[in-house]
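Residue strings, one per chain:
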Amino acid sequence: MSKDDKTIRDLERQFCDVPVPASLAPDTVMQKLRQAPPPEAKTNRSAGRWLALAATLVVAVTLTYLVVGVGFRANSKSAESYAQEFGVFDMDPGEAPALPQDDMNSAPASGGALPEDSAEGAPSTADAFQAQGKPETDGETVAETAARQQSGNWWRWALGGAAVLMLAAGIVVLRARRKK
Amino acid sequence: MEKDKLRALVPAAQAGDDDAFSQLYAGCYKSLYKTAYYLLGNAADAEDTVMETVADAYAGIAKLRVPEAFEGWIYKILYNKARRKRGVLLYKVTVELPETLEGPSTSAETIGDNTDLVRALQTLSQQERAIVVLSVCEGYTSAEIAQVLSLNANTVRSKQMRALAKLRAQMEPNV
């Protein structure tokens, strides 16, 4: 006889029958079962699961959108600033961008000094626009555009905050259900 | 009641026959309670667990696809209920009695003179305890236990060996 077999024999001797409470007698239990409406708890539980699934989906989609959307916006913003810098927004459709006349005419034939505006400390294109008070596009200055883009992000923060709150609420509810 | 007779009642119970379900329950409630008692280590939680198990079985027996699998199915419900209850018990003991953490059996109302066995069982993991109780107490084969616990039969056998070794070590003076 192996050690395990011997242990099983000993355990079989020790596993005595347990007196079953009267409340679990078949008649009593069947009476309770007939009185209780069984589908209710099941419905609540499945509703809870659907709610949890929906909340998870909302959180996942929101977080994905925030991460990807913000990155995409950052990329498109830099493209826009390039466009502004090269004056594409000021062009009429079909009009080719003209090269600046002064660059063509004033360029030295050979060995000349660099133009002054490319020297160190020269104002940037955006600063030059600001200095001239020139509207960037649609009558907005660069600063106004930046401010508008900043304020346009409030709903992202609101959505992200709501998603995080929903996640926190879900965790609290689940913990409360486990404690019951 | 024999297992075959029990299984023959399942289709009637699935069709909504309360008497058939009552007979099914009468044929297995003592085993269910005994299993729950040794899984949880106290009488009150075992009683609750069996009641919840029967309520779930009553509500869902129509969905049971294979009538022959009734016993495995109801034991699976019982095991899952006991596992959840055990988690809650451990949480309560951890939170409320940090110095006297010895598992749920510390507050258990133990029965008979097998207190040592009940305590030793509480040192096993959920699965190991279920394997020992179902195999030794109820005489289930490793294949049947594998179905209840959703495990491989070989895994059940190796876990059983480990559990028996732990119990031997725990109960050395008694076994």
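Residues numbered from 1 in each chain as written. Chains lettered and ligands numbered in written order. Predicted model: local features only at pLDDT ≥ 70, side-chain atom pairs only at ≥ 80, totals over all residues. Heavy atoms only, no water.

1. Side note on the packing of aromatic side chains
All names here are of chain B.
Next up, step 1: Applying the stated criterion across every chain yields a total of five aromatic pairs over all chains.
Next up, step 2: Centroid distance Y37 to Y38: 5.2 Å. Interplanar angle 70°. Geometry classified as edge-to-face. Each member of the pair, Y37 as well as Y38, is classed as buried. (Phe/Tyr/Trp six-rings, centres within 6.5 Å; stacked < 30°, edge-to-face > 60°. Buried < 20%, exposed > 50% of the residue type's maximum accessible area, 1.4 Å probe, protein only.)

2. Quick word on the environment of D116 of chain B
Residue and element names in this part refer to chain B.
Next up, step 1: Relative to the helices and strands, D116 resides in helix α5 (residues 115-122).
Next up, step 2: Given the relative accessible area of 44%, D116 is considered partly exposed.
Next up, step 3: Considering only alpha carbons, one finds D116 and M171, 55 residues apart in sequence, at a separation of 7.4 Å. (Helix = DSSP H or I, 4+ residues; strand = E, 2+ residues; numbered from the N terminus.)

3. Describing the confidence of the model for chain B
All names here are of chain B.
Next up, step 1: Here chain B averages 80 in pLDDT, and 81% of its residues register 70 or above.
Next up, step 2: Confidence drops under pLDDT 50 across residues 91-111; counting only partners more than four residues distant or on other chains, this segment forms 33 contacts.
Next up, step 3: Per the prediction output, this complex has pTM 0.55; the corresponding ipTM is 0.72. (pLDDT = per-residue confidence, 0-100. Contact = heavy atoms within 4.5 Å.)

4. Brief notes about the packing of helix α7 (residues 142-149) of chain B against helix α8 (residues 153-170) of chain B
Two measures define how a pair of helices packs: the angle their axes make with one another and the distance between the axes.
Residues and elements named next belong to chain B.
Next up, step 1: Put simply, α7 and α8 touch, their axes get as near as 8 Å, and they point 100° apart. With respect to α8, the axis of α7 lies roughly perpendicular. Taking contact as the criterion, the partners of S142, A143, I145 and A146 in α7 are, on α8, A153, V156 and R157.
Next up, step 2: Among the residues forming the contact of α7 with α8, the class breakdown is five nonpolar, one polar and one charged. (Axes fitted to C-alpha atoms, helices over the stretch in contact; angles between N-to-C directions. Parallel < 35°, antiparallel > 145°, perpendicular 65-115°, else oblique. Nonpolar A, V, L, I, M, F, W, Y, C, P; charged D, E, K, R; others polar.)

5. A word on the interface of chain A and chain B
Next up, step 1: In this assembly, 31 residues from chain A lie in contact with 41 residues from chain B.
Next up, step 2: Together, Q14, F15 and L24 of chain A form the three largest contributors to the area buried by chain A at its contact with chain B, with a combined 21%.
Next up, step 3: On the surface where chain A and chain B come into contact, there are one salt bridge.
Next up, step 4: Between R34 of chain A and D18 of chain B there is a salt bridge; the shortest N-O distance is 3.0 Å.
Next up, step 5: At the surface where chain A touches chain B, the tally comes to three residue pairs in polar contact (both at pLDDT 80 or more).
Next up, step 6: Secondary-structure elements contributing two or more residues to the side of chain A that touches chain B are α1 (3-14), α2 (26-35), α3 (39-85) and α7 (154-179) of chain A.
Next up, step 7: For the side of chain A that touches chain B, the element with the highest residue contribution is α1 of chain A, accounting for eight residues.
Next up, step 8: Its residues assigned to classes, the side of chain A that touches chain B comprises 15 nonpolar, three polar and 13 charged. (Buried area = accessible area lost by both parts, 1.4 Å probe. Salt bridge = Lys/Arg side-chain N within 4 Å of Asp/Glu carboxyl O. Polar contact = N/O pair within 3.5 Å; in protein donor to acceptor, adjacent residues only side chain to side chain.)

6. Some words on the pattern of salt bridges
Residues and elements named next belong to chain B.
Next up, step 1: Enumeration according to the criterion identifies five salt bridges over all chains in this entry.
Next up, step 2: Between K85 and E52 there is a salt bridge, and its shortest N-O distance comes to 3.7 Å. Taken together, the positions of K85 in helix α4 (residues 70-96) and E52 in helix α3 (residues 43-60) put the pair 33 residues apart, joining distant regions of the chain.
Next up, step 3: Given the relative accessible area of 34%, E52 is considered partly exposed.

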